[in-house]
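# Report on the structure
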Amino acid sequence: MPSKIVEPPNARQREFFLARSRFVAYGGARGGGKSWAVRKKALLMGANYPGIRMLLLRRTFPELKENHILPLQGELKGLATYKEADKAFSFANGSRLKFGYCDSERDVLQYQGQEYDVIFLDEATQFTEYQFNTLTACIRGANPFPKRMYLTCNPGGVGHEWVKRLFIDRDYRGSEKGEDYTFIPARVYDNQALMGQDPGYVAMLENLPEDLRRAWLEGDWNVFAGQFFTEWREETHVCEPFPIPEHWRRYFAMDYGLDMLAGYFIALDEEGRAWVYREVYQPDLIISEAAQAILEAAEGESVESWLAPPDMWNRRQDTGKSVAEIFAEHGISLTRAQNDRVTGWLDMKEWLKPRGEETRWAALTVFRSCKNLIRCIPLLQFDERRPNDVSTQPHEITHAPDAIRYFVAGRPVPAQVPIVRDEDNLPFDDQISDFLQYGG
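First, a word on scope: everything that follows refers to the structure included in this document. Computed from a prediction, not measured in an experiment: that's the story for all the values here. (Residues numbered from 1 in each chain as written. Predicted model: local features only at pLDDT ≥ 70, side-chain atom pairs only at ≥ 80, totals over all residues. Heavy atoms only, no water.)

### Focus on the pattern of salt bridges
Selection rule: By definition, a salt bridge exists where a carboxyl oxygen of Asp or Glu is found within 4 Å of a side-chain nitrogen of Lys or Arg. Any residue under 20% of the maximum accessible area for its type is buried, any over 50% is exposed, and the rest in between are partly exposed; the area is computed with a 1.4 Å probe on protein chains only.
Under the counting rule described, the total for this entry stands at 31 salt bridges. One salt bridge connects Lys-164 with Asp-169, and the closest N-O pair in it is separated by 2.9 Å. With a relative accessible area of 42%, Asp-169 lands in the partly exposed category. Counted as one network, the salt bridges with shared partners bring together Arg-53, Glu-115, Asp-117, Arg-140 and Lys-147.

Have a look at this one:
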């Protein structure tokens, strides 16, 4: 006889079981009962659709074995048999649940050409977007079975950005359609079984430092374990656009490559606060096109300094000219910024450090219109090998923050308070100077 399989799901798990969109993500916080939900959904689909083909993936096989294979050997007893050589459960009705791993990007290639009706991606934020996209191509088949991917996830990990984009921000690109994506948030408080059996786990989550507590207990996707800029708070660092006063000093800082031009216009007020007020964020621009895009965005403004990384002074083999020289030919005289990564990131942390008590503010504030910078700064993670550096992966999110790093490394000078001259009350020395001008 099979073990007890009809265990009552909690409300969030019930939503997960009943969701019918092509991509269903479940989780957000720790302790929400994600692994249980995945195992039960696989069991239910295997029993309900004779002959269905399913794949359950985690990053490493040891994780897969501990979290799913061993529990399922008990839960599927009498319903399916497990073959170690195949790494799969075979149901009596012809359904099949196979297990796999994707520890590196190369590992996903082993699934190319294979067909599955349903794929379970457990701890999806541990997978890259490339792995995710490759696996979606495996969901196909000329049969009446549902074609779906079920994902579980917590904030953090190399896949944080794409999971957050699709399921939290709902920012769709190309052929992506909103109706295909469903996110079901779950927290430990939804998991009454865990709360009853292990109240100490709940207490541990509640007593974590603020950043980890927000990520692990509350499922806040704007903060996560491994996040580099834990200082970032949208309510503190993002503001609505306003007219920049004429006397504020204006700077432009950029990170440029053929894959992306990320450039920012930044104004400094009299107190030394920086306001990032305009964004140029475009891929696939050759040097002359990049220069033209920047000049068009400048709109005739008086820019104090055009900051760029040192590698833009390297000479190119094809022309013998550097990128900086070509920019100069198009009317932009670049200033070489310091490129000490660790020092630059630490400086940037100081600029982002929240200040004040009743009203929180920071030395660097971003206009809401600079959407890519706002998106990328909180996504940066620590480099696993250099603990004081930012990870260069995923590479796409590093361009905008790099540009700001060049700005803070450039030691920008605050604006000067304009002097208003009252001609009727000038100091005596100024009056003499003005009078002497008549003799010129």
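### Let's talk about the layout of surface pockets
The condition is simple: Whether a set of points on the 1 Å grid over the protein atoms alone is a cavity depends on a 1.4 Å probe fitting there but being unable to get out, while an open set qualifies as a pocket with protein on both sides within 12 Å along at least five of seven lines; lining residues are those with an atom within 4 Å of a point. Grid points are joined across faces, edges and corners, and a volume is the space filled by probe spheres set on the points. Secondary structure elements follow DSSP: runs of H or I of four or more residues count as helices, runs of E of two or more count as strands, with numbering from the N terminus. Gly is put with the polar residues, along with every residue not named as nonpolar or charged; the nonpolar set is Ala, Val, Leu, Ile, Met, Phe, Trp, Tyr, Cys and Pro, and the charged set is Asp, Glu, Lys and Arg.
Reported here for the largest pocket is a volume of approximately 920 Å³. Mapped by element, the contributors of at least two residues to the lining of the largest pocket are helix 4 (129-136) and helix 5 (160-168). Tallied by class, residues from the lining of the largest pocket come to 10 nonpolar, 13 polar and 12 charged. As a volume, the second largest pocket reaches approximately 320 Å³. Together, 15 residues line the second largest pocket, and Lys-164, Asp-169, Lys-371, Ile-374 and Arg-375 are the ones closest to its centre. Going through the elements one at a time, helix 5 and helix 13 (371-376) are the ones with two or more residues in the lining of the second largest pocket.

### Description of the side chain of Thr-236
Spelled out, the test is: Every residue pair with non-hydrogen atoms within 4.5 Å of one another is taken to be in contact.
Along the chain, the position of Thr-236 falls in helix 9 (residues 234-237). Excluding residues that lie within four positions of it along the chain, Thr-236 makes contacts with Pro-354, Arg-360, Trp-361, Ala-362 and Thr-365.

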